Amino acid sequence: MKAYLPKMLCFLVGALFSLSAAAGSARHTLENTQNPQLKAFQMVKRGSTPAVDDLTFLHRVHLDLTGHIPSQETIAAFTANPSASKYAAEIERLFQSEAYVDRWVTFLADLLRNEPIFEDTSAPFRNAMHNGLREHIRNNTPWDVLAKEVLTGNGSAVNPSTAFGFWAREIFLEDFRLEVLDNQVANITETFLGIQTNCVSCHDGQYHLEQVNVGLVAKKREDFWAMAAFLSQSYVYYPFSAEDEDESFDGFLQKLHLVDLDRGQGDMEEGELFADERFMDGEYNAQSVAGEGMRVPRNGGVIQPKYMFSGESPRQGESRREALARLITSDPQFARNMVNRIWAAFFGEGFVHPLNGWDPGRTDAATAAAHQSTVQPRTPALLDALTNEFIQSGFDLKWLQRRIVTSGLYQARLTETEDKNDYLGYWRSNKRVRRLPAEAIVDRYHHALGLEQRYVYRGNIHEAVSSTWALPSPGEPEGFALIHIPEENFDEDNLVWLNDPTNLGFQSIADYFYRQDTAHELLVNLGRGRLIANSPRENTSTVQRALFMMNQPEFHAYMGGGFEVELDEEEVATIGRLYLPASPFLQAKISELSDGRLDQDGFLTEIFTRFLLRAPSAAERTLFKEYYRGKEIYQGVYDTAWALINHPDFIHQR
Amino acid sequence: MQRRSFLTSLAGAVGLGLTAASPAGANWRALPRQRSAVQTRNTARNLIMVLLDGGPSHVDTFDLKVGRWTPNFIGQQTIGGSLQWPMGIMPKLGAMTNQFAIIRSISAIEAVHERAVYHLITAHRQSAALAPEIPHFASVMSHMMAGQRGPNDKLPTFVSVGTDEAHNGFLNIDHAPLIISEEGRIANIVHGIDENSDRLQLLDALIALHENRTDAGGNHALLQQKARRLMGDQELATLLGGLSQADAGNGGGEEAEGGDAKAQFVRQCKTAVNVLAAGRGTRVMQLRLEGWDQHENIYVQGEGGLSHLAGALDEGLATLYADLQAQPGLNGGTLLDETLVVAVGEFGRTVGNLNASNGRDHYPYVTPALLFGGGVKGGRVIGQSSADGGAITDAGWSHNRFMSIGDLVATMYSALGIDWTQRFLDTPSGRAFELVDSIATGPVHEIQELFV
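Residues numbered from 1 in each chain as written. Chains lettered and ligands numbered in written order. Predicted model: local features only at pLDDT ≥ 70, side-chain atom pairs only at ≥ 80, totals over all residues. Heavy atoms only, no water.

- As named in an unreviewed UniProt entry, chain B is DUF1501 domain-containing protein, taken from Acanthopleuribacter pedis.

- Taking an unreviewed UniProt entry as the reference, chain A is identified by name as DUF1553 domain-containing protein belonging to Acanthopleuribacter pedis.

Spelled out as structure tokens, the structure:
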């Protein structure tokens, strides 16, 4: 904590100004706030019962913290436990779980854009960064430390701390060096500050942004370029020697380095910097001509680095990227941005939404007044208080999450409509009910049916994972994860296997392909998104998705009993016959209903609890029992499962 | 439109879903510009734009230039004394050159696929700041023609094969496209397991218990009900569900899928005609034939090569023409008379000798288009390019500049009777939205040489 002391002082001073209008003196934490409006957020006292029933509590915390619904054993044990301390204990147990790591690595990987650019490789730097993020989440690395590592990462692309995945996309997809730097700094302000600055890369803010972003109105293109200039000493370097003539593309990727000329890495004898010769002097020379790059021509000569929100430059002896990392992580907006993003993960939307829509001229009361505008965030008093506490915690992400889930507001019974007399009424209302992310739905589907999950991702060929949350980026899993695709002479009929799927627990090659391809299809159709395709994760309900879940064969194949997938003769010869196993849970219920060990009421209670984590309503119970009349038992069981998978409560948080 | 009635009408059902951004009851009104309004052409009721995704090589297709590089299979012939045509790869179109017009003098600006397609489908340059607001021109057309919809119009005005970067923007969700596959189908519209159709009624009853919820689950229930209405509609299942006409009544059977690009594109074209002819509300369709981005091995025969794609285009456009002509129009003529068809890619390709990978690269400076129907006079070639196709030598119209992408879109608006110089002021950002983005050199014009 000592290292953060100077920062804390700066922020407390700033916080005094921002909070003075709302929450009183910043020395009060949320726990002893004098502001009655914020009392609803205070922590639920240890030993007191939340406002929601046990099943709703479990549904909420499990899905939000781990992306999974609890197992039947967990539900049974929890509901039977009379102790009032079980709620806090369950939350702690989830924080310590491997599933927590998987889920929040995905959060970070999405935020930090870790997606491989090249499809036909072992994704070496994607996997390196993924492994690095796993360690960070496991060790609860403070967010400012993690951000600095990503922003300043240099060295081998396959060293996790280089965070090469964050840099790769712009480096490889943009031809023109200035575009690379500009796009990447725009990514940086969006990721770490929540502010989109790319508008002012093409034109000054004045006369363009008055209606869009008041904080950027005064900014000029030169200000944006001065931000990009912090990256101008950074290059991708490829060391090569004569023996590398026949190097594979994978080998090439593994050799790449991210280097900074101003960190003593300028001496690269044998090798190649990825840059047009004109741009190898480490300066941001704004001069360009028409047609060069995709932007209007620029004038301005050599631009020196200047942080566009404060005008500060690198200090003596400080490398440009290290300076940028310092300036960003000490900007109050850095903390605000992460509080906003984490909040949105639990409440469905941020204090500012969309999450990259911050207006730096409207972040808090003082700033908004200075810009003659209104405060942008919803319930700014709560945001400010949480932000200050997050900073004081040392940018502790787990602390922030814990603070949120142990709050009375998070554990509240949701209201049907927003109570306008309640400052926090919006967050307490059912507006925060939202559709679950793709991975959570896929996982819930398998879990409810009692089906095993097994996936392999590229570059990680010696182990399988058992949850889509453990996959390192969108685009996984895919059929070719275990297959080597040579640059030439690729033969579909003679695949080169990197590992035998049966070594990883798959029943057969057919089983491997089916699981990989089905999971891929499900994730894509449920909105996982692809950064490379500029389509972000998207959790909205649509008619197309409703049709998909009702009719796509993968969504009812497992309920139809074991049946043979139709393969044509050639496919059968090469990959074998595939019998899709029926859901063991459904098979067990069919058996129990058939021999009288279970009656219809008992079945309904059990399947509703398992699928939806609640009991059926009286109307639902009547509906299903009416449906069962004249039906075979197996038909009734399968149709109930299918109907519940298509029930709104299956794919929504509550 | 009242929110309730919007939700229960099927027309609203098949968009991309409810988004919080659509303001309830918004009545976006386009306002005429201060300058004098233009006279619109008003010769078409419907529009089909065939997006040649990837950017076709103009010098190998609509603006043939023969040189050392030209392979024999191109089969160049001179038609009507002056039109050079690749009969070897587009024989059907070559036999009907009097039925369509070609424009050879559009000069596009963007050379990057995403930006160039965006420019074509929105008549605006792509901008991160504005993108969430800017609608596809077909969504704008849907909005402008909303008053013409009747009680039996259950399909949206705008139907698109595949998705692009622009949808309904700031306009209501009613104007978002219904997305269909390259096969011309709504994915997953048929349940497929016929013995289990009882379960659909079970789900209907279950969903009905949740339709009045005020949370996201309630919204979802309403969307599921819309999806169910789609599924239950036999006519839609035949039009867009791949259900063959013969088997529709028996609740089973699906038409073939798959096959090569040609078979697929022809199916798309046939679906387009069926959908327009059914008269269920759809008036603007975007079809798609992709694969034109031939940076490598452009003249290689077989799937993926130029001859294969051009053959697919040839077959498809000829099918479109014939099938549209065979359908009666609403106003006495044929459906072809009432439907403007525009085949265009986002840019042309480099000219002369092939590149180092035996292909052609992006070249926006000369971008060709082929048009027929909807009042277009056949047998016209508008504009000319240089001997190698690298520069426009004659813009082919009366205005003192090259034709732009905006002019082409203006032409489409004009054919449908929509004043392209209008703009909306009440956008969420407060910025005025012009139907066709202003250009520095003066007003945007329709290409009247197509019609008079």
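1. With respect to the overall build of chain B
So, point 1. Secondary structure assignment for chain B yields 11 helices and 17 strands.
So, point 2. Out of the 452 residues belonging to chain B, those deemed buried represent 58%.
So, point 3. Considering only residue pairs separated by 6 or more positions, chain B has 72% of its internal contacts joining residues 24 or more positions apart.
So, point 4. Accessible surface, chain B: about 16,900 Å² in total, of which carbon and sulfur atoms supply 48%. (Helix = DSSP H or I, 4+ residues; strand = E, 2+ residues; numbered from the N terminus. Buried < 20%, exposed > 50% of the residue type's maximum accessible area, 1.4 Å probe, protein only. Contact = heavy atoms within 4.5 Å. Areas by Shrake-Rupley, 256 points an atom, 1.4 Å probe, with all protein chains shown as cover.)

2. What about the domain arrangement of chain A?
Interfaces are frequently sized by the accessible area removed from exposure as the parts join.
Residue and element names in this part refer to chain A.
So, point 1. Here chain A is described as being made up of domain 1 (2–23 + 49–96 + 331–432), domain 2 (438–580) and domain 3 (584–650).
So, point 2. Contact with domain 1, which involves 8 residues of that partner, is made by 6 residues of domain 2.
So, point 3. Among the residues domain 1 hides against domain 2, the three largest losses belong to Gly 67, His 68 and Ile 69. Together they make up 70% of the total.
So, point 4. At the boundary of domain 1 with domain 2, the tally comes to 4 residue pairs in polar contact (both at pLDDT 80 or more).
So, point 5. Across the side of domain 1 that touches domain 2, the residue classes break down as 3 nonpolar, 5 polar and no charged. (Domains from an automatic or database assignment. Buried area = accessible area lost by both parts, 1.4 Å probe. Polar contact = N/O pair within 3.5 Å; in protein donor to acceptor, adjacent residues only side chain to side chain. Nonpolar A, V, L, I, M, F, W, Y, C, P; charged D, E, K, R; others polar.)

3. Here we look at the packing of helix H5 (residues 98–111) of chain A against helix H6 (residues 124–139) of chain A
Residues and elements named next belong to chain A.
So, point 1. In contact at an axis separation of 9 Å, H5 and H6 are set at 125 degrees when each is read in the N-to-C sense. The angle between H5 and H6 places the two elements in the oblique class. Along this stretch, H5 crosses H6, giving a crossing that reads as right-handed. Residue-level inspection shows Glu 98, Tyr 100, Val 101, Asp 102, Trp 104, Val 105, Leu 108 and Ala 109 of H5 in contact with H6, the latter providing His 130, Leu 133, Arg 134, Ile 137 and Arg 138.
So, point 2. In terms of residue class, the contact of H5 with H6 is built from 8 nonpolar, 1 polar and 4 charged. (Axes fitted to C-alpha atoms, helices over the stretch in contact; angles between N-to-C directions. Parallel < 35°, antiparallel > 145°, perpendicular 65-115°, else oblique. Left-handed = near helix turned anticlockwise from the far one by under 90°.)

4. Points about the pairing of strand S6 (residues 158–161) of chain B
Looking down a regular strand, the side chains alternate between one sheet face and the other.
Residues and elements named next belong to chain B.
So, point 1. What you see with S6 is no split at all: Phe 158 and Ser 160 on one side and Val 159 and Val 161 on the other are buried throughout.
So, point 2. Bridging between S6 and strand S8 (residues 284–290) involves 3 bridges; their strand directions are parallel. When the sheet's bridge partners are listed, Val 159 is paired in S8 with Met 285.
So, point 3. Across 3 bridges, the pairing between S6 and strand S7 (residues 178–180) is parallel. Paired with Val 159 across the two strands is Leu 178, which belongs to S7. (Pairing = 2+ DSSP bridges.)

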